[in-house]
Amino acid sequence: MIFIAVKFTVRPEHTDSWLEKTATFTAATRAEEGNLFFDWSRSVEDPNQFVLIEGFRDGDAGAAHVGSDHFKAGLDAMAPLIASTPEIINADIPNEGWGAMGELAPQA
């Protein structure tokens, strides 16, 4: 699985509309055959920072994502909205996606 985490620092005037402005890119990526997950979170420490967590089945699925028309369109749409270059972690890990956390379970 290709696991990607990206931190985006958004210009303050675009923070409240960031998820709306990235919605087309998000929907198109989630519809990709090799996409396992594509989820946005907002930092509790910096209201202008969003974290994107992505998972793709394998390297081919990741390459298809980066080579897609909606990827290029998404980058073009985000460029004027960000305050700095995003930070990224990109790793190929031996996992097929989400699994149960062994250390924590709901109590009765």
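Residues take numbers from 1 onward in each chain, read along the sequence in its written order. Local features are withheld for residues below a pLDDT of 70 in this predicted model, meaning they are given only at 70 or higher, and side-chain atom pairs are given and counted only at 80 or more; totals for whole chains, interfaces and linings count all residues. To get the side-chain values, take all heavy atoms of the structure and skip hydrogens and water.

Student: Is there a simple way to explain the environment of M1 in this structure?
Tutor: Note that M1 resides in the segment before strand 1 (2-9). A sequence separation of 91 residues divides M1 from D92, and the C-alpha atoms of the two residues are 5.6 Å apart. Helix and strand assignments follow DSSP, with helices taken as H or I runs no shorter than four residues and strands as E runs no shorter than two, numbered in order from the N terminus.

Student: Sorry, what's going on with the packing of aromatic side chains here?
Tutor: Two measures describe an aromatic ring pair: the distance that separates the ring centres and the angle between the ring planes. Pairing of aromatic rings covers Phe, Tyr and Trp, the last through its six-membered ring, and needs centres within 6.5 Å; plane angles under 30 degrees mean stacked, over 60 mean edge-to-face, and all others mean tilted. In this structure the tally under the stated criterion is 9 aromatic pairs. Ring geometry for F3 and F37: centres 6.5 Å apart, planes at 55 degrees, overall tilted. With F3 in strand 1 and F37 in strand 2 (residues 35-42), the pair connects residues that are 34 residues apart, well separated along the chain. F3 sits in the partly exposed class, given a relative accessible area of 24%. The structure contains a cluster of three or more aromatic residues connected by ring pairs, namely F8, W18, F25, F38, W40, F50 and F71. The rule is simple: take the accessible area with a 1.4 Å probe, protein chains only, and divide by the maximum for that residue type; under 20% is buried, over 50% is exposed, in between is partly exposed.

Student: Please explain the pairing of strand 2 as it appears in this structure.
Tutor: Working note: regular strand, side chains alternate between the two faces of the sheet. Whether two strands pair comes down to DSSP finding at least two bridges between them. Note: strand 2 against strand 3 (residues 49-56), 7 bridges, orientation antiparallel. By the bridge assignment for strand 3, N35 is matched with F56.

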